[in-house]
Amino acid sequence: MEEGARSCLLQSRSSLEQDIRASYLMDHMISDGVLTGDEEDRIRSKQAVALLELLLRKDNQAYISFYNALVRESYGDLASLLHNSLPLVSPEAEKITPEPGREPRVSDVQAVLSEGGVPQRPVVFVSRPALMNRVREKLYRLQKEPGWVTVFGMAGSGKSVLAAEAVRDHALITECFPGGVHWLSIGQLDRSDLLVRIQSLCFRLEQQSQEKDPSSSLHRPPGSLEEAKERLRFLMLRRYPRSLLILDDIWDSSVLKAFDIQCRVLLTTRDRSLADCVSGPKSEVAVESGLEEGQALEILALYVNRKPQRLPEQARSIVRECKGSPLVVSLIGALLREFPDRWAYYLHTLQQKKFKRIRKSSSYDYDALDQAMAASIQVLSEEHRELYIDLTVLEKDVKVPAKVLSVLWDLEPEEVEDVLQDFVNKSLLFRDCHHRPYLYYLHDLQLDFLAEMNRSGLESLHTKVVRQYQQRYSKGPPTSGDEECLYWFRFLTYHMAKANLTQELYSLMFSLDWVRTKAQIMGPAHLINDYLEYSTILDKENSEVRGHFQEFLSLNGHQLEQRPFPDVVQLALSQPDSSEVYRQALLQAQERATRGGLYLDWVSLKSLSRLVVQPHQGSIYSACFSHDGTKIASCGSSKTLRVFKSTSGEKLLEIQAHDDEVLCCAFSLDDHLLATCSSDRKVKVWNVERGTLMRMFEDEHEEQVNHCQFTNTRRRLLLATCSNDKFMNTKNTMFGHLEPVNHCCFSPDDAYLSTSSSDGTLKLWEVSSANEWKSIDVADMFPEQREQTEVMVKCSTWSAGGRTIICAARNAVFVFDVETAAMLLEIRTSRLSTVQYCHACPSSNLVAIALSHYAVELWDIETSKKMADCSGHLSWVHGVQFSPDGSLLLSCSDDQTVRVWETNKVHTSSAVCLKRDSDVLFNNGDITVVAADNRNRLQVRNGRTGAVMFQSENQESRIRCTAICSQTSAVGLGREDGTIQVHTRVLEVPSGTSLATLQGHTRTVLHCQFTPEGHTLITSSEDTTIRVWRWRTGECVVLEGHKEQVRCFSLLTTTPSSETHLLSWSFDGTIKVWDMSSGERLQDLVCHQGAVLACDVSPDGQLFATTSADKTAKVWSSASWECVRLLNGHQDCVRSCRFSWDGRRLATGDDNGEIRLWNVKDGTLLKICSRDNKDAMDSLHGGWVTDLHFSPDNTVLLSTGGYIKWWNVEKGEALQTFYPTGANLKRIHVSPDFSTFVTIDNIGILYILKKVE
């Protein structure tokens, strides 16, 4: 390294070490070839210090690469320190030379291009040196840094051939792209097809890398565009640095953004502005729409094997008539090759044929193409001409395998390939040779011509496609997953719609079988779009049924993306009973049950969400509807802004919006603009259509910007923002709050702005003057708490008419009259939760409230009644907003989802959710559920009807456990303050109650259980004691001896005639056996080195098993009180255990979701469940295995965790999986006949699952 450069690095070293993130810079330096992978590993531990130490030992090129990396990662101030000492490097320094003693060969270039998928030179090729040199000149600019070269021009102008020819140069490859050249054909793609293309490219790159380096491994295909982009970025920057990626035929800027990964790119396109959407240096080359006369004549000469000067005079006239279009010249040339004496005929045909001009806004040379196409088709045999006309049904930019046409034409595949070869030879069809088997496609111009020529017969042509498909696949659709299979699943509905075969379309799309098969092969996104695209046709038959299928896919799309693929019939059984999806699923489940299948019908309340979307990886802080209701924008901790369709969740736009968490987003009234604000203190305004930054405000606020909102009317476009720096901005700055301002909101007529602050006040400002108009001290509403802690006003919202304003603070919502500032209504929510946000419905008296305990509540502010509790989120809900017409409600949460609800479908039956600490009584087909609700009341419910049979008053202390006894119609509850209550006669009609209150425990009661006869209640507590109560009299026996909390206990009877003892276990690692009558401790066993987490007694009482946080399970003898089996093998805490009913097996489950089946007799491991079914991004069971149950015949094992699973005991294979809306199931209650299963998830949803018979 030059001395001046080295000296500058040393002088700036302290500033650089303090400020840079080395990991951000290394990608660029590795791409430039100045850092190796080994050096990267050494740098990772010490970061900036190690990078600079290494840099000082390198050459001038490393200094330049480091400087460029600083510029690219926005370290402009640091880069300026190094600028004046930049060394000069000769271009020769970077040249890659061939191996010593070996001259470069043309075959070397061809090998590189073939390996990268670059198309070979056409048989008939004419050089265009001026254009080619311009492209190469631009490519040489990519030698030192990544960037973009755009080759643009009209269709058929030869862009692709030019791009391929430009890189067919040894010097260019060795000097600029020693990492290789990689070709990818794009065309018009949707998201799923784009993902497939990138997956294919990544696989090809990894395969080539593995051939060169056998130690490298192949990865699974990326599952999303975001993951695919990151995988491609890694491959291009790390494994193929200084390589060139060629993207052929790009149409859409959103597609191009997927390749914005800081690599070197050459793209061909018809739209020269596409590259404006990506970052990095850019250059472009325009391709003329037509060839020069000499070049066109040379092409014709090559086709007819003559010299250009020997061509007849008609040749020049043909070139002039077709305006030099490379495509048309090739079409005519191919015809002349077959009939070389027809010059005058083809010229006359071009001059005389009059086709109706195709009117589209494009740069096609329609006249020339129409004429050339007609002439081309006429030379086909009559039979082939009819076959060619059938290709009119193909979609643009869709490549089809010969098998599809074999079905359409009812010919053998070999015959089809012969026909297609004839079409290709005549330039009537194109073949993609990079796929095996080959794929075939028509140029857009050819398809346009065919569509115009066969306009009146299109319906019959599509009908032919459908009928031929039905004939070939009469027994069911293809499921091979090959190109032919994918074509039919993607386009069969399209052909039916175009053929106007409405009954066939109804039958197909209203079929759960079709949904299952297509979702498994193509994923749910295509299906949802089908129901949207063909909604007009489907709604003529039954709009309600179409809604049923669309709702099912929207709510379960995230499940249908999982692998292994879930059982769609089981998922569909969770739909409402009135749904056609549920009806079909129930019929299929009943039929499969006769053949041994296991299915569960969820007979209690089901999901009310209309759509569930997971747009970000991280918490979502804000989401909003566009004013036309068709789009939703969301933002959060991922620093991104995302816009998606409110109907299907399909992503429309994604922007890396800020350098820190994005706290709020808002649409302008016309939906053309989106504002975002962030913890990085910046406010940005984006163009929604293009995703470009229109304006940035970075000096207006000194601290994080909490909220932003545009005005509601068209009089004037203003944007209001508020911040932790205690003031607000519109066109003026408003001062007045003493603490951070959390929220701001314009009145419906934009006359006033309301602001909510951590100083406990709600202020109203006149927008025209920026003067404070009114101030409401909300903190005064909490007189008992004001002195202890500050009262933070979180947000405010205006009623539809603007006469009242509603604000949220702590666990309350207040409604104030705007004119008088008088409080009209107070809504108090759960004392255990806080209100995060509220929003008033623009078309009714409803207000939506977002709560920290995972719920969304709807209240009517006129009647002061709670209307609904929308359960579904798995974490804090940060925001809610009604759609402009009030028909929909969205909510966003820390659980990374946005949920959309239909306002008129959420009802009062959803207003109460239950806690997981429950007990269930099964009695002659009746199901009784006892649990605490979210208002801390004890509820007893009829499991069949959902009716509340008994409900206690609100408890003073949180209810932590419950128990029910059928003999005495009594229920018991234990509270956090140590109190126990017993309510009697709760199962009688009408229900009545007498209350027994039992005092004694000093800390939380963790478990309570009645003895079988119901006269005794046993409780255990965090206070380390167990108490045996004669609950009617209050008599109590205290069992003392544990040193830590006693979470549970079990009754132990060694023989039918023997006395029942009590077996208890604790976090102190011990098991103790007690005489319940005297309180005497009979046995004290130190069982484990860690906490005992579970215990189960064998059915005959001779053995009991314990599991522990020490990752072991043990089997003990009830006779000798000795450990008879030590079971090792779990890799995490062993959370649960259960003996089979015959006592021969023991099941154990751990915190990694693994279940092991053991032979009790000798302690051998029989099976490991879940090992081959690990879910992506999850433990084996979606969480800890918390409960286990064997069926009475010991053939089926039931387990709970993140979800519920049923297992074949002999094989250790999953028979069925039920996915709850929530997660973290604590336990499950099972009926004696193993036909009914009851549990409650962590968001309070009750699941009563009945085995389908």
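Throughout what follows, the structure given in this document is the object of discussion. Here the residue numbers are simple positions, counted from 1 along each chain's written sequence. Whole-chain, interface and lining totals are the exception, using all residues; otherwise, since this is a predicted model, local features are given only for residues with pLDDT of at least 70 and side-chain atom pairs are given and counted only at 80 or more. For side-chain calculations, the full set of non-hydrogen atoms in the structure is used, while hydrogens and water are omitted.

1. Looking at the overall build of the chain
Along its length, the chain carries 31 helices and 68 strands. The buried label goes to any residue with under 20% of its type's maximum accessible area, the exposed label to any with over 50%, and the partly exposed label to all in between, with areas taken from a 1.4 Å probe on protein chains only. Counting all 1253 residues of the chain, 58% fall into the buried class. Counting from the N terminus, the helices are DSSP H or I runs at least four residues long and the strands are E runs at least two residues long.

2. Re the sheet that holds strand 7 (residues 430-432)
In short, DSSP must find at least two bridges between two strands for them to pair. Judged by pairing direction, the sheet is antiparallel, and its three strands sit side by side in the order 6-8-7 without closing on themselves. Edge positions in the sheet fall to strand 6 (400-401) and strand 7, since each of these pairs with one other strand and no more. With two bridges joining them, strand 6 and strand 8 (residues 439-441) adopt antiparallel strand pairing. Looking at strand 8, one finds that Val400 is bridged to Tyr440.

3. Focus: the nonpolar core
Nonpolar cores are built from buried Ala, Val, Leu, Ile, Met, Phe, Trp, Tyr and Cys residues. Side-chain atoms within 4.5 Å join them into one set. Ranked by size, the top nonpolar core spans 79 residues in total, and within it Tyr388, Leu391, Trp409, Leu420, Phe423 and Phe552 carry the most contacts. Broken down by element, the residue count for this core peaks at nine residues, all from helix 25 (residues 483-498). Whether two residues are in contact is decided by their heavy atoms: any pair within 4.5 Å suffices. Not counting residues within four places of it along the chain, the set of residues in contact with Phe423 comprises Leu380, His384, Leu387, Tyr388, Leu391, Trp409, Leu428 and Leu429. Counting residues in each nonpolar core, the second largest holds 31 residues, with Cys8, Leu9, Ile30 and Ala62 among its members.

4. Focus on the sheet that holds strand 59 (residues 1145-1150)
The strand order 58-59-60-61 describes an open sheet built from four strands, whose pairing is antiparallel. Unpaired on one side and paired on the other, strand 58 (1134-1139) and strand 61 (1165-1169) mark the two borders of the sheet. Within the sheet, the average angular offset between the axes of one strand and its neighbour, ignoring direction, is 20 degrees. Summarising the sheet, strand 60 (residues 1155-1159) and strand 61 pair through four bridges and their orientation is antiparallel. Each residue of the ladder has a partner; that of Leu1157, found in strand 61, is Lys1167. All axes are obtained by fitting lines to C-alpha atoms, using only the stretch in contact for helices, and the reported angles, taken between N-to-C directions, cover 0 to 180 degrees.

5. Some words on the environment of Gln967
Checked against the element boundaries, Gln967 lands in the loop between strand 42 (959-965) and strand 43 (970-975). Spatially, the C-alpha atom of Gln967 lies 7.8 Å from that of Pro1012, the residues being 45 residues apart in sequence. The contact partners of Gln967, leaving out residues within four places of it in the chain, are Pro1012 and Glu1013.

6. Quick word on helix 29 (residues 535-560)
Expected span, for any helix, means 1.5 Å times one less than how many residues it has. Across its 26 residues, helix 29 extends only 22 Å between first and last C-alpha, which sits more than 12% below the 38 Å expected from 1.5 Å per residue. Considering bend angle alone, the principal kink of helix 29 is centred on Asn542 and spans about 120 degrees. Two axes define the bend at a residue: one fitted to the seven residues ending there, one fitted to the seven starting there, and the bend is the angle between them.

7. A look at the packing of aromatic side chains
Stacked, tilted and edge-to-face are the three classes applied to pairs of Phe, Tyr and Trp rings, where Trp contributes its six-membered ring and a pair requires centres within 6.5 Å; stacked means planes under 30 degrees apart, edge-to-face means over 60, and tilted covers the rest. Overall, the coordinates contain 23 aromatic pairs when judged by the stated rule. Look at Phe430 and Tyr441: their rings are 5.7 Å apart centre to centre, the planes differ by 20 degrees, and that puts the pair in the stacked class. Of this pair, Phe430 sits in strand 7 while Tyr441 is found in strand 8, placing the two residues eleven residues apart along the sequence. Phe430 sits in the partly exposed class, given a relative accessible area of 26%. The class for Tyr441 is partly exposed, based on a relative accessible area of 26%. For the pair Phe491 and Tyr494, a centre-to-centre distance of 6.3 Å together with 75 degrees between the ring planes defines the contact as edge-to-face. Of this pair, Phe491 and Tyr494 both sit in helix 25, separated by three residues, roughly a single helical turn. With relative accessibility at 7%, the residue Phe491 sits in the buried group. In textbook terms, an aromatic cluster arises when at least three aromatic residues are bridged by ring pairs, as seen for Tyr469, Tyr473, Tyr487, Trp488, Phe491 and Tyr494. Both a distance and an angle decide whether a charge sits over a ring: NZ of Lys or CZ of Arg must be within 6 Å of the ring centre and within 35 degrees of the ring normal. If you follow Lys399 out to its NZ or CZ, it ends over the ring of Tyr441, 5.0 Å from the centre.

8. Comments concerning the pattern of salt bridges
Side chains that differ in charge, positive against negative, can pair when their charged atoms come close. Definition used for salt bridges: Asp or Glu carboxyl oxygen within 4 Å of a side-chain nitrogen of Lys or Arg. According to the stated counting rule, one finds 40 salt bridges in the structure shown. Linking Asp513 and Arg516 is a salt bridge whose minimum nitrogen-to-oxygen distance equals 2.8 Å. Taken together, the positions of Asp513 and Arg516, both in helix 27 (residues 512-522) and three residues apart, correspond to about one turn of that helix. On the accessibility criterion, Asp513 (35% relative accessible area) is partly exposed. The network of salt bridges with common partners includes Arg13, Glu17 and Glu53.

9. A word on a negative patch on the surface
Together, Glu383, Asp410, Glu412, Glu414, Glu415, Glu417 and Asp418 make up a negatively charged patch on the protein surface. Broken down by element, the residue count for the negative patch peaks at four residues, all from helix 22 (residues 413-425). Structurally, Glu414 is set in helix 22. Residue classification places Glu414 among the exposed positions, given a relative accessible area of 53%. Within this analysis, patches are made of residues with over 30% relative accessible area and no salt bridge. Like charges are joined at 9 Å or less; nonpolar side chains (Val, Leu, Ile, Met, Phe, Trp, Tyr) at 5 Å or less. Each accessible area is a Shrake-Rupley estimate made with a 1.4 Å probe; only the visible protein chains count as cover when residues are assessed. Charge counting follows a simple rule: Lys and Arg are positive, Asp and Glu are negative, and His as well as the terminal groups are ignored. Charge coordinates come from a single atom per side chain, which is NZ of Lys, CZ of Arg, CG of Asp or CD of Glu.

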